[in-house]
Amino acid sequence: MSTMQKSETGPGGSPPVAKPEARGPGILTNIAWTVVPYVASVVLAFFLGGLLIQLMGYNAVDALRAVLTSSFDTSFGMVETLHKWVPIVLCAYAFAIPLATGKFNIGAEGQMLLGATGGAAVGITFSDLPMVVLLPATLVAGVLAGALWAGIAALLLVRFRVNEILSTVLLNFVSFKLIDWVATRVWPDAGAGHPATTPVGDGARLPLLGSAPAMHSGVLLVLALAIFIAVAMRFTPTGFEMRAVGDNLRASMVNGVRTSRLAGAGLVIGGGLGGLAGAIDVAGVHGRMLEGMQSNFLILGIIVGLMARGSMLALPVVAFGIAVLEYGAGTMQLVSAVPVEMVLVIEALILLLLLLSDLVRDRLRSAR
Amino acid sequence: MTATPRLAMTDVVKTFGPVRALDTVSLEVGANEVHGLLGGNGAGKTTLMNVLFGLYKADSGTVLIDGKAAVINSPKDAIALGVGMVHQTFLQVDTYTVTENIVLGTALEGGSHSNGLRAARERIVELSERFGLEVDPDAVVEDLPVGVRQRVEILKALFRGAQVLILDEPTTNLTPQEVDALFASLRAMVKEGMSIILITHKIRETLAVCDKMTVMRDGARVQTLDRAETDAEHLAAVMVGESHGSYETAAPSTAVALGATAEGATHKQVVHGDFAPAIRIESVTVRNDHGVDLIHGFDLTVGEGEIVGFAGVAGNGQVELAEALTGVRPLLSGSITVQGTDLTRAQTSHWLSAGVAYVPEDRHRDGILPKAGITENLILGSHRGRSARRAGLIDWKAARERASVAIDKFSIRANSPATRAGDLSGGNIQRVILARAFAHEPRLLILHNPTRGLDIGSTRFVYEQIREAADSGCAIVVISEDLDEVIAISDRVIALYQGGQAGEWPSTEVDPYEVGRRMTGLSTSRTGGAA
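These numbers come from a predicted model, not from an experiment.

Points about the overall build of chain B
Consideration 1: Counting its regular elements, chain B contains 19 helices and 22 strands.
Consideration 2: Taking 531 residues into account, the globule formula puts the C-alpha radius of gyration at 24 Å, and chain B, at 25 Å, falls close to it.
Consideration 3: Dimensions of chain B along its principal axes, counting C-alpha atoms only, are 75 × 55 × 45 Å.
Consideration 4: Taken across its 531 residues, chain B has 56% of its residues classed as buried.
Consideration 5: In chain B, of all internal contacts separated by at least 6 residues, the share reaching a separation of at least 24 is 68%.
Consideration 6: Of the roughly 21700 Å² of accessible surface on chain B, a fraction of 50% belongs to carbon and sulfur atoms.
Consideration 7: Put simply, chain B has 51 plus and 66 minus side-chain charges, and the middle of one group is 5 Å from the middle of the other.

Shown next, in the form of structure tokens:
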């Protein structure tokens, strides 16, 4: 086939006059077009994942039930799930906010580790200070450290047009060496049996809420932050500009948006949020900085960021769903011996099917 | 002409949706012939050649090559039949050498890759010497200037055995010396029996190199002429529209449909010089995307309430001029002052707040946020303004209300202010862009091809809006490839040719033929109009 019809400018620059008029779907139809693909993708991904588990010789029903329900069975499960949700949602913002401006931040784990280091440095050095001073200082230090780390990539991008994907990925590797040095040389905890720093001061710990399964208050902090981000992206001029740049960079530039500066700002903000993830895990979960605490939050953040498709409202919800699966993975391994990685397979399937659903939806819509 | 022409295209029809891009066009090109294909933008020149090269599939019509029916469904078929095409933008691998670029996609002979490459290199050297296409076969393409890269494209076609070579506006970014060299090579090629089709809008070049020329207009062939039986004046007249009878009775043109004659008359009694200067442009130099200083030492003054129209064929600096006047493209030198404010080095956003509004030519690329609603699109550019915000935050409720008003006022056909701009038709997108421009309460309004592709109703609407803005004191620059439009709307008409002003007339003294001659690069001015 060779009919390469340019969609808008048409032959020699004279555009086709009549285009199909905008159809008039009601709000409900619009929502249905958005929600149905999500639901269908999730259901189909679980079906395929279950098939795979069955083929591997395990009981798929038991395994999937463990994945889906263990977060909700016990209050301990819920608290653990929320503790996982915090770094996942923050790493997802670290990816999604720069993405809104069209830039790919693949450095959330480096930014998280730097944030953890920054937080731990303050928490250890000033361990005698009271909580009112030390806790905010610890968290702010984490944000700044993450922002500075991403700031290197932002500077390289804006000044020298260095591709941000490359720089953020490479900075991850630098961060591994850096925290290794901090955990083994600067503030090593000899008794930990694993490269880790000494504990931060009590004043640097996030207050716990509830008893027995106690939840750290960072969860509430991030919840408030999620609301703030959704509002800021919608109502502040800068948030609007970010979305505009992501939608059409040329049109934004023509209409006075300073696009390169915005791209740098997006990376720095994303880095700050990645850093906060590290500082909260130090102050709320581990009480110290330890190697490996970045887990697979980078990849989960990217998955969540892509699934949310630029919606800052959907992002925390999607992140919660992923946190449920991640917590359930451990239970699944205990209950039915299916390896935890199976859950990552399902998550990837959801994302792939969701991306595929765009094609299906467009076909269906144009066929109507 | 010989008994069987090298190429014969007969009654070719091509439609894009409701638009008839080619209306039963026929074209014959003989061997040993450089054939010029002339016409303004949207005349169908490139579309016709894309059909021949297999990029578009014609709805009907036949193509004969050397008297045999040719079925061309893809460029591959075209190349196999000896048809080659050099496009305006080159598809080359920057980091490969000239030889590697030329052989890319062909089957190398000679056993091994290096042997094949060596043999190919020898053939390239031989071809380039034979036709005077000077090029170093071992140079890496990214180090080469545009003129040489074009030679690489031509060699690519010759290497594949092209007997019919199509060149799409080949001289656009060439220096005069490069143009001379190119034409000498073309003559050398046709001498050996090749046929060359040269798509162009420059009359001088056509006359310099072509043996025959076919003029197209509005997707139809107007006339095929022999070089010997025509001259520049005649050719300009044919291009501008002599075939429609005398210019004044070109009945269905938008200018007349607009009913401009009566209304326009009152507007146009003001003479140039009656306007208080609103914008001053002094010796401005602007670089195009290919690194050429297309606009050089440009001076212009536009008065308050004055409409200045630039007529010209695309590629003569229109985009660069529009973007320089709106703060989108940086100036290499010179200065621009709007209402006493020097904006030469200012950010684009400062131009906007100084009252400069821009209606760009490429609506989709430069005009709208396709995934955002009409509300968002209308507020873009003024979203940092005080009126758009309440307590620092964007007041979306007020923005929606303003959008509803604009939808009514500009008759945008959409369900609600939330309708995505990308779902609107071309005419409605243009209305959104106009609504945004007028919402800025502009003091300088730049419009580039403001009515291209619009129906008569929308066109009339756009003209009314422009007039209204001018009456309220806004300085207006209309840049258009539609000569009728420029003449109908402007107080002052300027012909644009190769980035410079090739002539200027007050609206009362405009002779369309004269403008047509000037904007195609002819400087002779003959009083009395058509040849």
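A closer look at unusual backbone geometry
All names here are of chain B.
Consideration 1: At Thr-24, a position not held by glycine, the phi torsion is positive, near 40°.
Consideration 2: Tracing the backbone shows Thr-24 in strand β2 (residues 19–29).
Consideration 3: Positive phi values are uncommon outside glycine, yet Asp-66 reaches one of about 55°.
Consideration 4: Mapping Asp-66 onto the fold places it in the loop between β4 (60–65) and β5 (68–69).

Re helix α6 (residues 164–186) of chain A
Side chains three or four residues apart in an α-helix point the same way, a direct result of the helix having 3.6 residues per turn.
All names here are of chain A.
Consideration 1: For α6, the set of buried residues is Glu-164, Ser-167, Thr-168, Leu-171, Asn-172, Ser-175, Ile-179, Val-182 and Ala-183.
Consideration 2: At its buried positions, α6 is contacted by α4 (108–125), α5 (131–160), α10 (259–286) and α11 (297–308).
Consideration 3: The backbone nitrogen of Ile-165 lies 2.7 Å from a side-chain oxygen of the residue at the head of α6, namely Asn-163.

With respect to the sheet that holds strand β19 (residues 444–448) of chain B
Residue and element names in this part refer to chain B.
Consideration 1: Ordered in space as β16-β19-β20-β13-β21-β22, the six strands form an open sheet in which the pairing is mixed. The outermost strands of the open sheet, each flanked by one partner alone, are β16 (356–359) and β22 (500–506). Neighbour to neighbour, the strand axes of the sheet diverge by 15° on average, direction disregarded.
Consideration 2: Across six bridges, the pairing between strand β21 (residues 492–497) and β22 is antiparallel. If you follow Tyr-497 over to β22, its bridge partner there is Gly-500.
Consideration 3: Against the sheet, helix α19 (residues 512–519) touches β13 (307–311), β21 and β22, its axis set at about 30° to β21.

Some thoughts on the side chain of Ser-167 of chain A
Residue and element names in this part refer to chain A.
Consideration 1: Counting through the fold element by element, Ser-167 comes out in helix α6.
Consideration 2: At 3.2 Å, the side chain of Ser-167 forms a polar contact with the backbone oxygen of Glu-164.
Consideration 3: Once you skip the residues sitting within four places of it in the chain, Ser-167 turns out to touch Ala-153, Leu-156 and Val-162.

Describing the nonpolar core
Consideration 1: Residues Leu-90 and Tyr-93 of chain A are the most contacted members of the largest nonpolar core, which totals 82 residues.
Consideration 2: By residue number, the principal contributor to this core is helix α3 (residues 75–100) of chain A, which donates 15 residues.
Consideration 3: Once residues lying within four places of it in the same chain are set aside, the contact partners of Tyr-93 of chain A are Pro-98, Ala-226, Ile-229, Leu-273, Met-312, Leu-315 and Pro-316 of chain A.
Consideration 4: In terms of nonpolar packing, the next biggest core, distinct from the first, is built from 49 residues, Val-34, Phe-131, Phe-159 and Leu-182 of chain B among them.

Thoughts on the pattern of salt bridges
For side chains bearing opposite charge, pairing can occur when the charged atoms are close.
Consideration 1: With the rule as written, the count across this model stands at 30 salt bridges over all chains.
Consideration 2: A salt bridge links Asp-366 of chain B to Arg-365 of chain B, with the nearest nitrogen and oxygen atoms 3.3 Å apart.
Consideration 3: The closest approach of N and O atoms between Arg-390 of chain B and Asp-395 of chain B, which form a salt bridge, is 3.8 Å.
Consideration 4: Under the relative-accessibility criterion, Arg-390 of chain B is labelled exposed at 62%.
Consideration 5: The buried category is assigned to Asp-395 of chain B, whose relative accessible area is 16%.
Consideration 6: Three or more residues are tied together by salt bridges with common partners; here these are Arg-250 of chain A together with Asp-289, Glu-323, Arg-329, Asp-362, Arg-365 and Asp-366 of chain B.

Section: α4 of chain A
Consideration 1: Its 18 residues place the ends of α4 of chain A 25 Å apart at the C-alpha level, agreeing with the 26 Å of an ideal helix rising 1.5 Å per residue.
Consideration 2: By the criterion of burial, α4 of chain A is predominantly enclosed, with 16 of the 18 residues buried.

Observations concerning the pairing of strand β6 (residues 83–86) of chain B
Residues and elements named next belong to chain B.
Consideration 1: Burial along β6 is two-sided: the face carrying Val-83 and Met-85 and the face carrying Gly-84 and Val-86 are both buried.
Consideration 2: Pairing geometry for β6 and strand β7 (residues 164–168), over four bridges, is parallel. Each residue of the ladder has a partner; that of Val-86, found in β7, is Leu-167.

Regarding the sheet that holds strand β11 (residues 277–286) of chain B
Residue and element names in this part refer to chain B.
Consideration 1: Strand order in the open sheet made by the four strands is β12-β11-β14-β15, with antiparallel pairing throughout. Two strands close off the open sheet at either side, each with one partner strand: β12 (295–303) and β15 (341–342).
Consideration 2: Where strand β14 (residues 333–338) and β15 come together, two bridges link them in antiparallel fashion. Its bridge partner lying in β15, Thr-337 is registered against Asp-342.

Quick notes on the packing of α3 of chain A against helix α12 (residues 314–336) of chain A
Residues and elements named next belong to chain A.
Consideration 1: Closest axis-to-axis distance for the α3/α12 pair is 8 Å, and the angle between their directions is 130°. What the angle tells us is that α3 and α12 run oblique. Note that α3 runs across α12; the crossing there is right-handed.
Consideration 2: Taken together, the residues that form the contact of α3 with α12 break down as 17 nonpolar, two polar and three charged.

Observations concerning the environment of Ser-311 of chain A
Residues and elements named next belong to chain A.
Consideration 1: For Ser-311, the position within the fold is in the loop between α11 and α12.
Consideration 2: Classification of Ser-311 by relative accessible area gives partly exposed; the value is 27%.
Consideration 3: The spacing of Ser-311 and Ala-230 is 81 residues in sequence and 8.3 Å in space, taken between C-alpha atoms.
Consideration 4: Reaching out from Ser-311, the side chain makes a polar contact with the backbone nitrogen of Ala-314 at a distance of 3.0 Å.

Considering the packing of helix α7 (residues 218–235) of chain A against α10 of chain A
Any two packed helices are characterised by how steeply their axes cross, that is the angle between the axes, and by the distance between the axes.
Residues and elements named next belong to chain A.
Consideration 1: Where α7 meets α10, the closest approach of the two axes is 11 Å, and the angle between their N-to-C directions is 165°. Judged on the interaxial angle alone, α10 and α7 are roughly antiparallel. Viewed along their axes, α7 and α10 form a crossing whose handedness is right-handed. Listed contacts from α10 to Gly-218, Leu-221, Val-222, Leu-225 and Ile-229 of α7 are Leu-273, Leu-276 and Ile-280.

Quick look at the confidence of the model for chain A
Consideration 1: Across chain A, the average pLDDT comes to 88, with 92% of residues at 70 or higher.
Consideration 2: This stretch, residues 1–24 of chain A, has a pLDDT under 50; its non-local contacts, to residues over four places away or in other chains, come to 57 contacts.

Rules used in this analysis
Residues numbered from 1 in each chain as written. Chains lettered and ligands numbered in written order. Predicted model: local features only at pLDDT ≥ 70, side-chain atom pairs only at ≥ 80, totals over all residues. Heavy atoms only, no water. Helix = DSSP H or I, 4+ residues; strand = E, 2+ residues; numbered from the N terminus. Rg over C-alpha atoms; globule rule 2.2 N^0.38 Å. Buried < 20%, exposed > 50% of the residue type's maximum accessible area, 1.4 Å probe, protein only. Contact = heavy atoms within 4.5 Å. Areas by Shrake-Rupley, 256 points an atom, 1.4 Å probe, with all protein chains shown as cover. Lys, Arg positive; Asp, Glu negative; His and termini not counted. Charge placed at Lys NZ, Arg CZ, Asp CG, Glu CD. Polar contact = N/O pair within 3.5 Å; in protein donor to acceptor, adjacent residues only side chain to side chain. Pairing = 2+ DSSP bridges. Axes fitted to C-alpha atoms, helices over the stretch in contact; angles between N-to-C directions. Core = buried A, V, L, I, M, F, W, Y, C linked by side-chain atoms within 4.5 Å. Salt bridge = Lys/Arg side-chain N within 4 Å of Asp/Glu carboxyl O. Expected span 1.5 Å × (residues − 1). Parallel < 35°, antiparallel > 145°, perpendicular 65-115°, else oblique. Left-handed = near helix turned anticlockwise from the far one by under 90°. Nonpolar A, V, L, I, M, F, W, Y, C, P; charged D, E, K, R; others polar. pLDDT = per-residue confidence, 0-100.

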